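# Reading the structure
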Amino acid sequence: MRIGLPLALGLGLAITACAASDDAADAPTGGTVVITNSADAGGLLPPIVHDILGKQATDQIFDRLAEIGPEINTIGDEGFEPRLAERWEWASDSLSIVFHLNPRARFHDGVPVRASDVRFSHGLYRNPALASPHASMIANIDSITVRDSITVVAWFGRRTPEQFFEVTYQLMILPEHLLKDIPAADLGASDFARNPVGSGRFRFARWTPGSSLEIVADTANYRGRSKLDRVIWSISPDPTAAVTKLLAGEADFYEALRIEQLADIASDTNLRAVRYPALAYAYVGFNLTDPANRNRPHALFADRALRRAISMMVNREQLVRSVFDTLAYVPRGPFARSLGVADTTVRTIPFDSVAAASTLDSLGWRDSNGDGIRDRNGRPLRFALLVPASSSFRVRLAVLLQEQLRRAGIDMTVDEVAFSVMAQRQAVGRFDAIFGAWNMDPSPSGIRQTFTSSGAIPGGFNYGYYRSPAFDALIDSALTAMDPERSRSYFQRAYETINDDAIAIWMYELPGLAGVHRRIQITGMRPDAWWADLADWSIPADQRIDRDRIGLRSADR
């Protein structure tokens, strides 16, 4: 992916690309990595984690049966690496998989991981009382049965290309002995959700909301001790404060550099900029339901023609170039182009302000009183866009979008709130529109959570409550087609269907750009999760520093 090298060179800065290292096994052990972040976690119970910090932390604390490899193949089991399952076998009809657990695997409280934990975890993810937004991703797993204490069988409703991916990537294994007596509906507010116990190479240490979250090496882990002693996420109130910690030497890693910050990185001999692949996109999503009552249509955005007209008013290319120069792309739908499931031939709503104005006129939205804002039957064409203050990119784009729409007679106010507030409001549909962003799974199947009807549930990720039987059917066909070309064809039609319905304005797709202290040796940054191999990052012994000076409790020695 080419991301504007002329700009980088103009700043006198070499942006390095991150590649996996073959030296992880020989890397030194010890030290602390401090990651600066501009948004806190909402909770640490994997089935209901909905934010990026919670995801980053729980991916270290908990294990899957198997882990997707660096090639991020999701078809069959090629490239998957053993985790809690040390081996597996497929049934001849491909409708079941037998997993043999590693007998040395232990939860962090010392209790062995057993087959019953796998069965329990599957049941918990599927439990309606918990309302896991990930439940739709494992709907094809009919059941999980226990053959003996370390042998478990996953049974599937039908053969699909991603059966193995569904039962491994989508399912974190939880300790039955700690959770079985807690009602599923109460788990989100339980002590476990704030003090989790998993089986990963890091164990939970402490979490001070709004300040820091810390994990430490599980020194007796069945997969081997992590190379780092600990990882601390230092939580800041906003992106500017977060990157300031990196520039001040108070942190080692920041994942979301802005273009104008590259010069600061270049002038600091202790830091480097690292480009990494990402599967993320940002969008302005319309709420199709009344913010006060999910059972009623939205007064504006239930109208498909109005959504299309507003979308047609937005010059996305101009907006994205104004903020990112050549570092970002304008998406053609709810997908990252690097997944390879669709291409630039996907039909989108074009920028056409003349046609959009004509449509608004025909719908009765005209400026009847000369105040510059269109209205109909005394109601101004006005709505609020919910934007997280933690994302400087989205805040800046929201202001530019506001101006574009104002010139078209549309009054969009920017409702800038803390990320935690945005998460709460979008979860219950208390918004007109949201400026959201998704870090995608390595499979296009993640769209089931975000835009199919199965995600339009309380606690689900389909915040706008888009429900389209046609779109659902096309996605289902795409994900179950065994022939890759047929699958691509269905995906293309699905993306064009959702684009035609104009339920969102796909704003930008941005490759990752991180600021990293030079003492940190990174082994790899997977496109779906740069933190996937965090346990194998390392710090040379002679480059460790005392972190007590920034208020952390123990030193990096």
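Refer to the structure printed above.
All of these numbers come straight from a predicted model, not from anything done at the bench. Residue positions are given per chain, counted from 1 along the sequence in the order it is written. At least 70 in pLDDT is required for a residue's local features to be given in this predicted model, at least 80 for side-chain atom pairs to be given and counted, and no such filter applies to totals for whole chains, interfaces and linings, which use all residues. Note: side-chain values were computed over all heavy atoms of the structure, leaving out hydrogens and water.

## With respect to the side chain of R448
A run of DSSP states H or I qualifies as a helix once it reaches four residues; a run of E qualifies as a strand once it reaches two. Both are numbered from the N-terminal end. Inspection of the secondary structure puts R448 in helix α13 (residues 447–451). Relative accessible area decides the class of each residue, using a 1.4 Å probe on protein chains only: under 20% of the type maximum gives buried, over 50% gives exposed, and in between gives partly exposed. On the basis of relative accessible area, R448 is assigned to the buried category, the value being 14%. Excluding residues within four positions of it along the chain, R448 makes contact with S136, M137, R158, E166, S454, G455, I475, D476 and L479. Contacts: residue pairs with any heavy atoms within 4.5 Å of one another.

## A closer look at helix α6 (residues 239–247)
Among all positions of α6, only P239, A242, V243, K245 and L246 are buried. The arc enclosing the buried residues of α6, seen along the axis, measures out at 145°, which places them on a common side. Of all possible arcs, the one meant is that of the directions from the helix axis to the C-beta atoms.

## Side note on the packing of aromatic side chains
Centres within 6.5 Å are what make two rings of Phe, Tyr or Trp a pair, Trp counting through its six-membered ring; a difference in plane orientation under 30 degrees is then read as stacked, over 60 as edge-to-face, and the rest as tilted. Evaluated as defined, the whole model comprises 26 aromatic pairs. Aromatic pair F286 and F301: ring centres 4.6 Å apart, planes at 40°, arrangement tilted. In this pair, F286 sits in strand β14 (residues 280–286) while F301 sits in the loop between β16 (293–297) and α8 (304–312), placing the two residues 15 residues apart along the sequence. Neither residue differs from the other here; F286 and F301 are each classed as buried. The structure contains a cluster of three or more aromatic residues connected by ring pairs, namely F80, W88, W90, F99 and F164. Only when the NZ of Lys or the CZ of Arg is both within 6 Å of the ring centre and within 35 degrees of the ring normal is a charge said to sit over the ring. A cation over an aromatic ring shows up here: R194 above the ring of W207, its NZ or CZ 4.0 Å from the ring centre. Of note, R294 hangs over the ring of Y465, and the distance from its end group to the ring centre comes to 3.8 Å.

## A closer look at unusual backbone geometry
If a residue is not glycine, its phi is most likely negative; likewise, a peptide bond is most likely trans. Its identity is not glycine, yet N377 carries a phi of approximately 55°, on the positive side. Turning to its location among the elements, N377 is positioned in the loop between β17 (375–376) and β18 (379–380). Relative accessible area serves as the criterion here: at 79%, N377 is assigned to the exposed category. The phi dihedral of A502 falls on the positive side, at around 50°, and the residue is not glycine. Take A502: it is sitting in the loop between α15 (484–501) and β22 (504–508).

## Looking at the pairing of β22
Among the 5 residues that make up β22, 5 are buried, leaving the element largely enclosed by the rest of the structure. Two strands qualify as a pair provided that DSSP identifies no fewer than 2 bridges between them. Relative to β22, β14 is paired through 4 bridges, and the arrangement is antiparallel. Counted as the bridge partner of A282 is Y508 from β22.

## Thoughts on the packing of helix α14 (residues 469–480) against α15
It is the contact of α14 with α15, at a shortest axis distance of 8 Å, that shows an interaxial angle of 160°. Judged on the interaxial angle alone, α15 and α14 are roughly antiparallel. Relative to α15, the crossing made by α14 is left-handed. Residues F471, L474, I475, S477, A478 and L479 of α14 pack against S487, Y490, F491, R493, A494, T497 and I498 of α15. Within the contact of α14 with α15, the residues separate by chemical class into 9 nonpolar, 3 polar and 1 charged. To get an axis, a line is fitted to the C-alpha atoms, and for a helix only the part in contact is used. The angle between two axes follows their N-to-C directions and goes from 0 to 180 degrees. Throughout this description, any angle smaller than 35 degrees is read as roughly parallel, any larger than 145 degrees as roughly antiparallel, any in the 65 to 115 degree range as roughly perpendicular, and the remainder as oblique. By definition, any crossing whose near helix is turned counterclockwise from its far helix by less than a right angle is left-handed, and any crossing with a clockwise turn is right-handed. Asp, Glu, Lys and Arg are counted as charged, while Ala, Val, Leu, Ile, Met, Phe, Trp, Tyr, Cys and Pro are counted as nonpolar; the rest, among them Gly, fall into the polar class.

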